[in-house]
Amino acid sequence: MTMESFDVVVRRRESQSYRVTIAETLDHGWARGVPALLASTGNVLLCLDAELPLALKQDIISEIADACPGTLSSMELSAGEQLKGMGGLKPVLRKMADVRLRRDGLVVAAGGGSLGDLAGFAAAIWHRGTPWVVLPTTLLAQVDSAIGGKVGVNMGGLKNMVGAFHQPVGVFCAIPWLSSLTSTHFQSGLGELVKYGLGMDEYTWDLLWNSSKLIRARDSAVLKRLVRRAISLKAEYVAFDERDKGRRRHLNLGHTFAHALEGAGYQLEHGQAVALGLVAATRLSVALGMADQSLEHQLLDLLSRLGLPRSIAAAPMDKAFAAMEADKKHQEEHKVVILPVRIGQSIVYEDPPLPDLEQALESLFLH
Ligand SMILES: NC(=O)c1ccc[n+]([C@@H]2O[C@H](COP(=O)([O-])OP(=O)(O)OC[C@H]3O[C@@H](n4cnc5c(N)ncnc54)[C@H](O)[C@@H]3O)[C@@H](O)[C@H]2O)c1
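Our subject in this report is the structure included herewith. (Residues numbered from 1 in each chain as written. Predicted model: local features only at pLDDT ≥ 70, side-chain atom pairs only at ≥ 80, totals over all residues.)

In this section: the overall build of the protein chain. In terms of regular secondary structure, the protein chain is built from 14 helices and eleven strands. For 367 residues, the compact-globule estimate of 2.2 N^0.38 gives 21 Å, and the protein chain sits close to it at 20 Å. Overall size of the protein chain, expressed as C-alpha extent along the three principal axes, is 60 × 40 × 40 Å. Within the protein chain, the proportion of its 367 residues that are buried is 48%. Taking contacts inside the protein chain between residues at least 6 apart in sequence as the whole, the part at least 24 apart equals 74%. (Helix = DSSP H or I, 4+ residues; strand = E, 2+ residues; numbered from the N terminus. Rg over C-alpha atoms; globule rule 2.2 N^0.38 Å. Buried ≥ 20, exposed ≤ 12 C-beta atoms within 10 Å, placed from the backbone. Contact = placed C-beta atoms within 7 Å.)

What follows is about the site of the ligand. With respect to spatial proximity, 29 residues lie near the ligand, and among them E51, G112, G113, T138 and S145 are the closest. Contributions of two or more residues to the shell around the ligand are made by α4 (113-125), α5 (139-145), α6 (183-199) and α11 (270-287). Per-class residue counts for the shell around the ligand are seven nonpolar, 14 polar and eight charged. Split by domain, the shell around the ligand shows at least three residues from each of two domains, domain 1 (3-180) and domain 2 (183-362). (Near = placed C-beta within 6 Å. Nonpolar A, V, L, I, M, F, W, Y, C, P; charged D, E, K, R; others polar. Domains from an automatic or database assignment.)

To continue, consider the environment of A239. Structurally, the position occupied by A239 is in helix α9 (residues 220-240). Look at A239 and you get partly exposed, because 17 C-beta atoms sit within 10 Å. Sequence spacing of A239 and Q345 is 106 residues, and the spatial spacing of their C-alpha atoms is 19 Å.

Of all five residues in strand β9 (residues 170-174), five are buried, a share of seventy percent or more. The pairing of strand β2 (residues 18-23) with β9 spans five bridges and is parallel. Looking at the pairing, T21 lines up with F172 of β9. Two elements, strand β6 (residues 132-136) and β9, share two bridges in a ladder whose sense is parallel. Note on β9: the bridge partner recorded for V133 is G170. (Pairing = 2+ DSSP bridges.)

Turning to the sheet that holds strand β3 (residues 44-49), a few remarks are in order. Pairing is mixed in the open sheet, where seven strands are placed in the order β1-β2-β9-β6-β5-β3-β4. The two strands at the open ends of the sheet, each matched to only one other strand, are β1 (3-8) and β4 (72-77). Pairs of neighbouring strands in the sheet enclose a mean axial angle of 15°, with direction left out of account. (Axes fitted to C-alpha atoms, helices over the stretch in contact; angles between N-to-C directions.)

If you look at the biggest cluster of nonpolar residues, it comprises 111 residues, and the most contacted ones within it are C47 and V108. Looking at which domains feed residues into this core, each of domain 1 (3-180) and domain 2 (183-362) supplies at least three. Filtering out sequence-adjacent residues up to four positions away, C47 remains in contact with M75, L77, V92, V107, V108, A109, L115 and A119. (Core = buried A, V, L, I, M, F, W, Y, C linked by C-beta atoms within 7 Å.)

Between its first and last C-alpha, helix α2 (residues 54-67) extends 20 Å over 14 residues, near the 20 Å set by a 1.5 Å rise per residue. Listing the buried residues of α2 in full gives I60, E63, I64 and A67. Seen along its axis, α2 keeps its buried residues to an arc of 95°; they face one direction. Residues of α2 that are exposed and point over 90 degrees away from its buried face: L54, A55 and Q58. Where α2 is buried, its residues contact α1 (35-38), β3, β4, β5 (106-111) and β6. (Expected span 1.5 Å × (residues − 1). Arc of directions from axis to C-beta.)

Written out as structure tokens, the structure reads:
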């Protein structure tokens, strides 16, 4: 088993640092390599993505049962954006009550970002905070959502409106788990990786650009490098700004537009919406004189290489504009958007003119 571990340190609260392990291959007994599982003292509730392949579900259940000293209860949840609401949350809280999950108990979330956001939020409010461990099984969850402690559910068409910051006590990413993802769900994770490359990290950009064929073939060595790099980047941003007030906001590159598309109900996975959001953010940056036109061409080329969407079929745009307005209105007084300025670098831009924002969004629709 090739495993690599490092710690995510949430600054000012060093005691809350947690171990992230990445495994390129998996052997029997892998869960014993996750200190937080071995250290659990109470009972354990495993929340499992119902759509995982049967053999994977069985392996996760037996490994957790073997590694955790306490009694194990488990429940399956049907993942996806529809899970992230009060309707998805209630059965988890009900189960926690039924099994009398203790304050020193442990929630284990095994699945993609939607399950992780939901189970992490349930853990955040149960006993006003119960420890949780994440076993991210999608590329998107491994490179992004499993790290950083943002948990929550959607409300009234607004993404992640009800939530908390609740850092996990451990994260375990296994690259072999990614082999059963559909191509759409795999692409979704690539969308978030392009975000890191475009807005924060030239190394990630170059790796995506130079290894696109291997990536699309899901080569485990390249995927491990990408996951490793993304997790360290996210960990670094979270360490400086756990509460999303400063530097961490760069991680929202493309998300103003992505949330508009998602809020308007287009059939897109989150990372696909992010990829489109990056195109819109780059065009806005060019329009505002912050980036050169060539940046847009480079981005469109990379998205093609990785098989990611660059535009969306014509559809009623009013809903997307309304969703963008609603998303912006509930934010802080100054509306900010993250703009890429060159590969690997982005800026926080305050109060962009609404017509420019709308034009950037509209540019995504094929007429
Ligand atoms: N908390 C954060 O910081 C953060 C960051 C980015 C995204 N997110 C959230 O993450 C969510 C998206 O996460 P996602 O892309 O993982 O989607 P998802 O959780 O909906 O999973 C996508 C699909 O893949 C299936 N799946 C999961 N693992 C699988 C596997 N190994 N093999 C086969 N199928 C598998 C799931 O059942 C689901 O159908 C969004 O709600 C987004 O808002 C949160």
